[in-house]
Structure formats: C-alpha cells, structure tokens
Amino acid sequence: MPKLIKLIGDASGPNFGAEWAEDGFVHVGDDDALPEGDVILSLARFQAEGEILLSNSRRVGVRIEPDQEVEALAYDLPHLSVVALSFPKYRDGRAYTSARLLRERLGFTGEVRAVGDVLQEQAGFMVRCGFDAFEPNDGATPEAWTKAAHRFRHVYQRAADSRRVAFEERAV
Amino acid sequence: MYRYDAIDREFLTDRSNEFRHQVARRLAGELTEDQFKPLRLMNGLYLQLHAYMLRVAIPYGSLNSRQVRRLAWIGRTYDKGYGHFTTRQNLQFHWIKLKDVPDILDAMAEVDLHAIQTSGNCIRNVTADPYAGATAEEIDDPRVWSEILRQWSTLHPEFSFLPRKFKIAVTGALTDRAAVKTHDIGLFLRKGREGEIGFEVVVGGGQGRTPYIAQTIRSYLPSEHLLSYVEAILRVYNRHGRRDNIYKARIKILVAALGIEEFTRQVEEEWGKINAERADLPAAEQARIRAAFAQPNFETLPAVSEAFEAARAASPALQRFVRNNVKPHKVPGYTIVEVSLKAIGQTPGDATADQLDVVADLGERYSLDDIRVTHAQNLVLPHVKLDDLPAVHAALEAAGLATANIDLASDIIACPGLDYCALANARAIPIAQDIAKTFADPDRAEKIGELKIKISGCINACGHHHVAHIGILGVDKKGEEFYQLSLGGSGAEDASIGKILGPGLSAEKVAPAIDALVETYLHIRTGGERFLDTYRRVGLEPFKEAVYAQAD
Ligand code: HEM
Ligand code: SF4
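Counting restarts for each chain, with residues numbered from 1 along the sequence as it is written. By the order in which they are written, chains take letters starting at A while ligands take numbers starting at 1. For this predicted model, a pLDDT threshold of at least 70 governs which residues receive local features, and a threshold of 80 or more governs which side-chain atom pairs are given and counted, while totals over whole chains, interfaces and linings are taken from all residues. Only hydrogens and water are set aside when side-chain values are computed; all heavy atoms of the structure are taken into account.

A separate point is the overall build of chain B. The secondary structure listing takes helices from DSSP runs of H or I that are at least 4 residues long and strands from runs of E that are at least 2 residues long, numbered from the N terminus. Check the secondary structure of chain B and you find 19 helices and 21 strands. For the radius of gyration, the atoms used are the C-alpha atoms, and the globule rule reads 2.2 Å times the number of residues raised to 0.38. Taking 552 residues into account, the globule formula puts the C-alpha radius of gyration at 24 Å, and chain B, at 23 Å, falls close to it. With the principal axes as the frame, chain B shows a C-alpha extent of 60 × 60 × 60 Å. Classification of residues uses two cut-offs on accessible area relative to the type maximum, computed with a 1.4 Å probe and protein chains only: under 20% is buried, over 50% is exposed, and between them is partly exposed. Expressed as a percentage of its 552 residues, the buried residues of chain B come to 63%. Within chain B, residue pairs in contact and separated by at least 24 positions form 67% of the contacts whose partners lie at least 6 positions apart. For chain B, the distance from the average site of its 66 positive side-chain charges to the average site of its 72 negative ones is 4 Å. For this analysis, residues touch if any pair of their heavy atoms sits within 4.5 Å. Under this rule, positive means Lys or Arg and negative means Asp or Glu; His and the chain ends count for nothing. By convention, the charge on Lys lies at NZ, on Arg at CZ, on Asp at CG and on Glu at CD.

Residues and elements named next belong to chain B. Along the chain, Asn90 falls in the loop between strand 4 (82–85) and strand 5 (91–96). One polar contact links the side chain of Asn90 to the main-chain amide nitrogen of Ile58, over a distance of 3.1 Å. Other than its neighbours up to four places away in sequence, Asn90 contacts Arg55, Val56, Ala57, Ile58, His84, Phe85, Thr118 and Asn125. Each polar contact in these results corresponds to two N or O atoms within 3.5 Å; when the atoms are within protein, one needs to be able to donate a hydrogen and the other to accept it, and residues that are neighboring in sequence are counted only if both atoms are side-chain atoms.

Turning our attention to the site of ligand 2. Being near a molecule or strand, for a residue, comes down to having at least one heavy atom within 4 Å of it. The environment of ligand 2 is formed by Cys415, Pro416, Gly417, Cys421, Leu423, Ala424, Ser456, Gly457, Cys458, Asn460, Ala461 and Cys462 of chain B. Counted by class, the shell around ligand 2 contains 8 nonpolar, 4 polar and no charged residues. For this scheme, ten residues count as nonpolar: Ala, Val, Leu, Ile, Met, Phe, Trp, Tyr, Cys and Pro. Four count as charged, namely Asp, Glu, Lys and Arg, and the remainder, Gly too, count as polar.

Taken together, the 31 residues of chain A in the interface contact 42 residues of chain B. Summed over both partners, the accessible area (1.4 Å probe) lost when two parts come together is defined as the buried area. Of the roughly 3,600 Å² buried at the junction of chain A and chain B (both faces included), carbon and sulfur atoms supply 53%. When a carboxyl oxygen of Asp or Glu lies within 4 Å of a side-chain nitrogen of Lys or Arg, that pair is called a salt bridge. Here chain A and chain B share 12 salt bridges between them. Ionic pairing is found between Glu121 of chain A and Arg25 of chain B, a salt bridge with its closest N-O pair at 3.6 Å. At the surface where chain A touches chain B, the tally comes to 23 residue pairs in polar contact (both at pLDDT 80 or more).

Another aspect to go through is the coordination of the iron atom of ligand 1. For a metal with four donors in a tetrahedral arrangement, the ideal angle between donors is 109.5 degrees, while six donors in an octahedron ideally sit at 90 or 180 degrees. Donors, by definition, are the N, O and S atoms found within 2.8 Å of a metal, the threshold being 3.2 Å for Na, K and Ca, and water is not counted, so a site can look incomplete. No protein donor other than Cys462 of chain B (SG) coordinates the iron atom of ligand 1, and that contact is at 2.1 Å. Mapped onto the elements, Cys462 of chain B comes out in the loop between strand 17 (453–456) and strand 18 (470–477).

Moving on: the sheet that holds strand 9 (residues 197–203) of chain B. Residues and elements named next belong to chain B. Paired strands, as defined in this entry, are two strands with at least two bridges between them according to DSSP. Taken together, the 5 strands give an open sheet; going across it, the order is 6-7-8-9-10, and neighbouring strands pair in mixed fashion. Either end of the sheet is taken by a strand with one partner, and the two such strands are strand 6 (127–128) and strand 10 (215–222). Bridge count for strand 6 against strand 7 (residues 168–171) is 2 bridges, and the pairing is parallel. In the strand pairing of strand 7, Thr127 is matched with Ala169.

Residues and elements named next belong to chain B. An automatic or database domain assignment is the source of the domain bounds shown. One can read the domain layout of chain B as domain 1 (6–109), domain 2 (134–292), domain 3 (306–398) and domain 4 (422–551). Here domain 3 and domain 4 have C-alpha centroids that lie 27 Å from each other. At the interface, 9 residues of domain 3 touch 11 residues of domain 4. Summed over the three residues of domain 3 that lose the most area to domain 4, namely Arg320, Ile344 and Gly345, the buried surface amounts to 54% of that side. Taken together, the links from domain 3 to domain 4 amount to 3 salt bridges. Where domain 3 meets domain 4, there are 5 residue pairs in polar contact (both at pLDDT 80 or more).

Residue and element names in this part refer to chain B. Given the number of residues in a helix, its expected span is that number minus one, multiplied by 1.5 Å. With 12 residues, helix 5 (residues 142–153) should reach 16 Å at 1.5 Å per residue; the first-to-last C-alpha distance of 16 Å fits that figure. Of all 12 residues in helix 5, 12 are buried; the element is thus mostly enclosed. Looking only at helix 5, the buried set comprises Pro142, Arg143, Val144, Trp145, Ser146, Glu147, Ile148, Leu149, Arg150, Gln151, Trp152 and Ser153. Positive phi appears at Leu155, one or two residues downstream of helix 5, with a value of about 45°.

Time to look at the site of ligand 1. Residue and element names in this part refer to chain B. Near ligand 1 lie 22 residues; those nearest to it are Thr87, Lys165, Lys167, Gln207 and Cys462. Residue Arg164 places a side-chain N or O atom 3.4 Å away from an oxygen atom belonging to ligand 1. Between an oxygen atom of ligand 1 and a main-chain N or O atom of Gln207, the distance comes to 3.0 Å. Of the residues contributing to the shell around ligand 1, the split by class is 5 nonpolar, 11 polar and 6 charged.

Attention now goes to the nonpolar core. Leu85, Phe131 and Trp145 of chain A together with Leu149 and Phe263 of chain B are the most contacted members of the largest nonpolar core, which has 99 residues in total. Among the elements that make up this core, the one with the highest residue count is helix 6 (residues 226–240) of chain B (9 residues). Here this core spans two domains, and each of domain 1 (6–109) and domain 2 (134–292) of chain B adds at least three residues to it. Here Phe131 of chain A is in contact with Leu7, Leu85, Phe87, Ala95, Tyr96, Ala99, Val112, Arg113, Ala114 and Met126 of chain A, once residues within four sequence places are set aside. The next biggest cluster of nonpolar side chains, apart from the first, holds 56 residues, and it includes Phe19, Val111, Leu356 and Leu362 of chain B. Within this scheme, the nonpolar core is defined by two criteria: the residues are buried Ala, Val, Leu, Ile, Met, Phe, Trp, Tyr or Cys, and they are joined through side-chain atoms within 4.5 Å.

This part takes up the packing of aromatic side chains. Only the six-membered ring of Trp is used, alongside the rings of Phe and Tyr, when aromatic pairs are assigned; centres must lie within 6.5 Å, and planes under 30 degrees apart are stacked while those over 60 apart are edge-to-face, with the rest tilted. Within the structure shown, the criterion is met by 23 aromatic pairs over all chains. Geometrically, the ring pair formed by Phe87 of chain A and Phe131 of chain A is tilted, given 5.7 Å between the ring centres and 45° between the ring planes. Of this pair, Phe87 of chain A sits in strand 6 (residues 82–87) while Phe131 of chain A sits in the loop between helix 3 (123–129) and strand 8 (133–134); the two residues are 44 residues apart in sequence, bridging distant segments of the chain. Judged on exposure class, the residue Phe87 of chain A and its partner Phe131 of chain A are both buried. Judged by centre distance (5.8 Å) and plane angle (80°), the rings of Phe125 of chain A and Phe161 of chain B are edge-to-face. Of this pair, Phe125 of chain A sits in helix 3 while Phe161 of chain B sits in the loop between helix 5 and strand 7, on two different chains. A single burial state applies to Phe125 of chain A and to Phe161 of chain B, both of which are buried.

Moving on to the pattern of salt bridges. Between side chains of opposite charge, pairing is possible as soon as their charged atoms come close. Residues and elements named next belong to chain B. Evaluation of the coordinates by the stated rule reveals 70 salt bridges over all chains. Here Arg235 makes a salt bridge to Glu158, at a shortest N to O gap of 2.9 Å. One end of the pair, Arg235, is in helix 6; the other, Glu158, is in the loop between helix 5 and strand 7, and 77 residues separate them in sequence. Neither residue differs from the other here; Arg235 and Glu158 are each classed as buried. We note a salt bridge from Glu529 to Arg537, for which the minimum N-O separation is 2.6 Å. Judged by relative accessible area, which is 14%, Glu529 ranks as buried.

Next up, the structure:
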C-alpha cells in the first residue's frame, strides 16, 4: 500500500504535480531490530549507529522531532537520502523552519519528508518551505495534494521554493 | 492609499474560493466542526455565544469610502445593522450565519477587504498610527512599512503555525497612538545620523494574563533590513517559544525567560545567518509601495479659516468639538477629525450601518477619501479642511457621531464581554455605559481632562485594562460578576502596567468607585497633571482610601 506522495516537476513550472511513490524506506523505532534495506532512524539512533549504517550500502534517513535542531545533521547531510520532519500536531510549526534551513542554509538536496499530522490544508506551506515528500494523515490523494499546494496563483514572500514572488511578477 | 493590483485581487479571489469550498464541505457534513474549526479560524470566523462572529481585517486601520459603505451594507444585509470596531483597528460582525460567509467574503473582496490572519497563531493584521500621513510629528509614514509587512506576512509559509498569535504595530510619531509597546514586535520609526530612516525595534510586549511592556532589542535598524530582522525574530520565536502551555506561548514569555540580552543575542546571531539580499524587500518594490502613500494634493490654504472662525464663534458645541476631537494637521488649513464611537449610553466601538454610510460620505467628500480606525475604537477623518469643519461637525451631529469626548472619561475602551464572548467572566459593555453616564456632563469631563478607562470581561485583556489609567477587569467570584480595578497603566509612549487597587467590586459599585477616584484626583492634582500623572506622583494610597471607605 503506497502512502507516500512525492512532488514532481518544478514548483513554479507548468508540469508541477504530485504522485504516489513507492516508499523504499522503513521507519525504524529506537528499540526495533534493524531490518535490511533503506531505513529512517531517530536522531539519537542515527548518532549512535549512523557511522556503521552509512558504511553499508543502504540508504539512510533521519527523523527530526520539532524540538531537535536540523543543524545537528549539518556534517552528515551529504550522506543522507531523507530527512523526515515530524509534525506531532499540524499546529506545531517548527518543522517549517527546519525544512527551510535544510534547503536554504544547509543546502540539502535530498528528500525532505513530512511525517506525522500531515494534512492537505497545509500542503501549500509545506511545499513552499522545501518539503518534497509527504505521508498524509488525512487520506489525501496526489491530485488533492497538487490542487491544495497550488491553490493560490500568487505568493508574497520568498521561501525555499522557486516560485516567483508578487514583487517579481510586478517587476516585469 | 495603497491600491490593490491584479495580483492582490487574484490572491483574494483564490482565498475566497478556497473558503467557499470548505464551507460547502462543512454544510454537507463532510467536515466535522472539529476539522472545520482551524479552517474557519484562518478566515477570521469565530463561534461565539449566540452566533458566528466574523472579524474583518483593516490593515493599519485605513479604509476608503467604498470599503466603509460595503461594511455598512454587510452589517445591514447579514448582521443586525451594525458592526463593532476593535482595539486592533479591525471590525467584527457578531451575528453572522455560516452559509452567508462565502458571499460576505466575496462582497468584501470586491472592495479589497478580507479576513485573512485575523485569528490563529499567525502574524495578525498589522496596526499603525491612525494619524499616519496627516500628523506633523511623523518621521516617516508608518503605512508604507505596515503594507510591506502585510504583504510579507500574508500566508507566510514558515510563520503560519507559530506557538501563538503574533501582533506587530508601527508608528512614525513620538506620540504613540498605536499602543506599540503592548505588541509582540513594536516598530518606532527613527532618524539615523545622516537623516536616513530606520527603526527602534521593541519585542515581547503583550497583555493577557501576564502583561509585559515591550523591551528594546535594537535601538536602530536600517529600514531596508526590516524584513530580514523581523524574520530573525520570528524564527527564534518559532523554534524556541513554548508550545506546551498556551498561556505561556507568547513571545513575551520567551523574552522574559531568556532575558532581553540573551534573546537579543540569539536574534542577532540568526540575523547574521540570513541571506539579507533574498530576505529583504527589493528597493524597487519598496518604492512602488511608498509611491502609493505619496502625499495627496493638499490645497494651499491660509492657516486660519474665516468661515470656520465665524461658525466657531457662534457655536459652543463646535467649540467643544474642536477642543476635544480636532487635532493639528501637518498642512496649514487642514485638521484631523476624530469621530467618537462612544456616545453616552452606546456600546463602545459599535457603529450602525447608517452611521458608517455617513462617515463614508464625509470621508469621500471632505477627507480625500481616507478614513481611519483607532485602537481606542473610534474613527478618524484625517484630512479635513478647516473651511469644511462646520459642515462635517453638523453632519456628524445629525448622525449621533459628534460626541466631543476623545480621551476623556467617557471615551472608554471595552471588549464585548459576556454579552457576546464565550470566554467572558463578566459583562463589560453595561459597565462602560454606566461609567459613561457618570461622566456625561461634558463640562465636568473636560475639567477632569485626559482619562483612559478600559474594560476587559476576562483576563485575556482584549479591552487593554492593564494599560489603562483606570483599568477594569471582570472576574468570576462563585458565579457572580465582580470587577477588579487597577490604576496607573498606560499604552502610550509612557507605557506601563497598572497596579491592582484592592478587592473586586460588584457591578453596581464600579461607576461610583470610578467617581470617587476622579474626585480624589481633582482634589489633589497640581498644575496641569493628568489623572495618570497624579497617580504616578502620589501612588495608590489616597485612591484606595477613597474607594474602599466609600464602598462600605
Ligand atoms: C469576542 C471574541 C473574542 C475572543 C474569543 C477573544 C479572545 C482573546 C484571547 C484568548 C486573548 C488572549 C491571547 C493571549 O494572551 O495569548 C485575546 C487577547 C486580545 N484580544 Fe481578543 N478576543 C475577542 C474579541 C476581541 C475584541 C472585540 C477585541 C478588541 C476590542 C480584541 C482584542 C484583543 C487584544 C488587544 C488582545 C491582547 C493581545 C495581547 O495579549 O497582546 N479581542 N483575545
Ligand atoms: S477580554 Fe475576555 S471577555 Fe473580553 S473579548 Fe477578550 S476573551 Fe472575551
């Protein structure tokens, strides 16, 4: 059962959209036995076991909780495939800052995935902050996600995406 | 005034289509009230004691006549014929039906009005000095910066789910008419050494159950870095503000917990990491927005108007109005006119649809189509010619809008309280009405002078009671409404938090207690002292004695 939505195309381009994606990663709890294949771990487990894991030929992702700082990953980012940012409640907006910092300050180009209380009403904000993969919590389909993400024809401020801002549209 | 362009308009259309869709899903039962609540709140729609309440954003309290007429029409068509102006320069309709809301939002969008970010844990409607562009005191026009902040904060992708709501106020004058120091971020325009423009930035002000006066985080910020600096403050707050307890979630609590030095250090460090070139507004856009607020074509007029002088000599009512409601304008021959929404016995801040139409007509005809809302819940016609003042006064008088009481005892700020608000402990409106009646004699009110009385129906402090010369807070004592008085607060440039006078009073004792406070002041004041000055000189004791000796 695929439940991962991924963006396709450029956020400001005509072929922007979203589709179901095969999720090759397994979320691994701190006390779970380590499975074969690609894994997403907590920050603590990654800090304890990451070095060995990264030397295996598997892909590794780290899950960051809102009270953890993404800067902790700064040196490991080139080796990470996924950073999963957690929304314990949709109201907890810290992951938006984490996503922007990953993209704009730390230069992370891998997958930034929204996990937890992930709702289509927030799709627009998430996409603008640099999320490109989503585990929706509300049964949203890629079609609904695409629509929600692009409900507004204009945006007023720069963020982590490449959309043209109102003042750039005005300047032409 | 800023005029929406095609981009701003399409944005509002998209917003209102989105909400129409959400309301349809709610009415069809596809969304539960729980699921719908965050969606409606994002559009300023609250569920109150009796009905839905719609809060309309009035960016920096500035309206044109078309917008005011449209608000009047909405009040008439969808509410009970009136609207309520709030201390955040917004307007609330208290009797709204859910099914009508999409149509109301469309009707508002047609005149560039909306309800975006009037609730929720986001950056709320930015407020500013209601005399902007009209007062000679001004270093720069705060509307320019408020509009820049309005656009930047609109559906901000990073800062729409903050720990708690976030309020910003801007003033360009030394006299603070926007309660700037009670805001999460306050911006005072300042001149730099070479005459360039910047801001003194203050943070961590707030009211509610733990009131704080904002503290200076930067005494001078070059104006072109406004957005990057505000972004730095908001990012530190978004990351580190408390989310475990809504009563401790405002930025004021973070600032107090860290101390202003440490908070400043964190913000400056974050600011140093921001790519200012991307974060700050390009100069061309700043110039475009500034041009929208270019000084209108004022006529060259003599500083003295004969027509006005003649009318004034003949009318004691006009004299009184001029003494209290008319303020100096920066251009000779013009004045700023305050329209009081505090007629004795009325609900503070309420305006009927007919009154709104009158104000719209006067604004269009006599005030360069410019109308303002003040945080004290009054309206302003900012550009009235002295020559026209008699006509404006007469028209206001005919509409019941010429009460000459600005900043006097009956110019009371009051929240909706238990008459409308689901969170209230006690009624606020009837208390305000009682007090206003006590000071209805205009000669006595003028003799008392500036006196800011403010009432909140609960500790959330929507009525600004903490920063009142005399504050009144409704509390619930075993199911009975009681009122706690406090003295010595101010929301102006000399901002301070009031001190509690003593045990709470029952409703019928409040107005007599205020009367006793005022009589005490009249006896002991010296020179030109305002009530606040006297209190600051002598302290609580004489006032305490007056109230509690009199109470029983
Ligand atoms: C009737 C519905 C209303 C509700 C449910 C409501 C709710 C609240 C709550 C819960 C707070 C406290 C927030 C906090 O401390 O974090 C608050 C603060 C405030 N509200 Fe209201 N309010 C209402 C109406 C109004 C009105 C009519 C006004 C203006 C007259 C207003 C202006 C304010 C202001 C100025 C504050 C203080 C902000 C601060 O703490 O800095 N509210 N409101
Ligand atoms: S102060 Fe309390 S009673 Fe008054 S409007 Fe705010 S929440 Fe309601």
